[in-house]
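Geometric and topological summary
Letter by letter, the chains look like this.
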Amino acid sequence: MWQTLSEPWKECFNQAWLSYCNNSFPIGAVIVDESGNIISKGRNTVYETEAVPNEICNNKIAHAEVNAILKINNLETNAMRKEYELYSTMEPCPLCFGAIVMSGIRNIHYAARDKVVGATNLKDGNAYLQGKNMKVLGPYKELEIVQFVLKTDFVLRRGHAVDRLLQTWEQDCPIGIAIGRKWYESNKLVQAKQEKKDISIILDEIISEVEVFKKEVEETSGCKF
């Protein structure tokens with residue numbers, strides 16, 4: 001599947017994997033210009049003490065989308081930024097959605113839904129937001145599964161309100177949560193991190209396991225995903 005992904009999605013998941021490998025939430029984001037060229041990228045650095053220039057870290061607001069936005073030229077004309085598109089592996093939270101709106105970006109793509117803190121529904125929240133004409137596309141089914149495998153493993157290791165998070169996410173992506181639990185128990189992502197595996201390999205391994213997992217469930221329970 002990796003070879004068929006667009007460059008923005010490839011870089012998003014590369015950034016998410018870098019965050020996982022640095023013990024931060026595995027979320028990545030990129031911004032593309034009107035020609036589709038990546039002009040900025042960012043990742044979650046909430047639990048890190050060092051950041052690259054124009055990023056923040058070691059802070060609750062050190063989110064992927066925020067770090068990507070901090071790197072664009074906010075002195076450009078608003079007309080140019082309206083044509084930009086922001087890609088994220090996870091649906092933006094209220095903080096990030098607000099930052100996107102105020103940055104002048106009007107187009108959002110996200111891989112995975114987030115019923116816990118996802119906030120793209122705010123685009124119609126009041127007259128001001130409605131006037132921004134925000135365009136939101138997502139989720140993307142296979143990419144959602146990949147993102148939830150990464151996130152499930154991460155929250156299980158850190159103990160972040162695990163039951164509440166996983167039970168909520170499971171409503172939208174049961175396969176992603178199930179494979180995430182399985183990989184957590186086998187330490188597959190930790191081993192991949194130690195072996196310095198590229199995200200391209202990990203993503204394709206997850207997608208390959210989806211069909212295998214579906215067949216196993218159907219054979220043992222008769223249920224179909």
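Quick notes on the rules
Along each chain, residue indices are assigned from 1 in the same order as the chain's sequence is written. Under the rules for a predicted model, residues below a pLDDT of 70 receive no local features and side-chain atom pairs below 80 are neither given nor counted, while totals for whole chains, interfaces and linings still include all residues. Side-chain measures were taken over the full set of non-hydrogen atoms in the model, leaving aside hydrogen atoms and water. For helices, the fitted line uses only the C-alpha atoms of the stretch in contact; every axis is such a line through C-alpha atoms, and the angle between N-to-C directions lies from 0 to 180 degrees. Secondary structure counts use DSSP, requiring at least four H or I residues in a row for a helix and at least two E residues in a row for a strand, with both numbered from the N terminus. Any angle from 65 to 115 degrees is called roughly perpendicular, while one under 35 is roughly parallel, one over 145 is roughly antiparallel, and all others are oblique. Crossing handedness follows the turn of the near helix against the far one: under a right angle anticlockwise gives a left-handed crossing, and clockwise gives a right-handed one. Residues count as neighbours in contact if any of their non-hydrogen atoms are within 4.5 Å of one another. DSSP-based pairing: two strands are paired if at least 2 bridges between them are found. UniProt positions are given in the numbering used here, feature names are shortened, and annotations may be inferred rather than shown by experiment. Polar here means any residue outside two lists: the nonpolar Ala, Val, Leu, Ile, Met, Phe, Trp, Tyr, Cys and Pro, and the charged Asp, Glu, Lys and Arg; Gly therefore counts as polar.

Looking at an unreviewed UniProt entry, one finds the protein chain named Nucleoside deaminase and attributed to Bacillus bruguierae.

Structural notes on the packing of helix H6 (residues 141–158) against helix H8 (residues 174–186)
With their axes 7 Å apart at the nearest point, H6 and H8 run at an angle of 45 degrees to one another. When the axes of H6 and H8 are compared, the pair comes out oblique. Helix-helix and strand crossings are classified by hand; for H6 and H8 the assignment is right-handed. Contacts between H6 and H8 involve Ile 145, Phe 148, Val 149, Thr 152, Asp 153, Leu 156 and Arg 157 from the first element and Ile 175, Gly 176, Ile 177, Ile 179, Gly 180, Arg 181, Trp 183 and Tyr 184 from the second.

Concerning the sheet that holds strand S3 (residues 85–90)
Read from one edge of the open sheet, 5 strands run S2-S1-S3-S4-S5, paired in mixed fashion. Of all the strands in the sheet, the pair left with one neighbour each is strand S2 (38–43) and strand S5 (135–137). On average, each strand axis in the sheet is inclined to that of its neighbour by 15 degrees, with strand direction left out of account. Where S3 meets strand S4 (residues 107–112), 5 bridges bridge the pair, whose relative direction is parallel. Opposite Leu 86, over in S4, you have Ile 108 as the bridge partner.

Remarks on the UniProt feature "domain: CMP/dCMP-type deaminase" (unreviewed entry) in the protein chain
The UniProt feature table records "domain: CMP/dCMP-type deaminase" (unreviewed entry) at residues 3–129. Structurally, residues 3–129 is divided into 30% helix and 18% strand, and its ends, taken at the C-alpha atoms, are 37 Å apart.

Points about the pairing of S2
With 5 bridges joining them, strand S1 (residues 28–32) and S2 adopt antiparallel strand pairing. Following the sheet pairing, Val 32 is matched in S2 by Ile 38. Taking the residues that link successive antiparallel strands as the turn, the S1-S2 hairpin has 5 residues, and the phi of Gly 36 there is positive, at about 85 degrees.

Topic: the packing of helix H7 (residues 162–170) against H8
Their axes nearest at 7 Å, the elements H7 and H8 cross at an angle of 135 degrees. The angle between the axes of H7 and H8 places the two elements in the oblique class. Residues Leu 166, Trp 169 and Glu 170 of H7 form the contact with H8, whose participating residues are Pro 174, Ile 177 and Arg 181. Looking at the contact of H7 with H8, its residues break down into 4 nonpolar, no polar and 2 charged.

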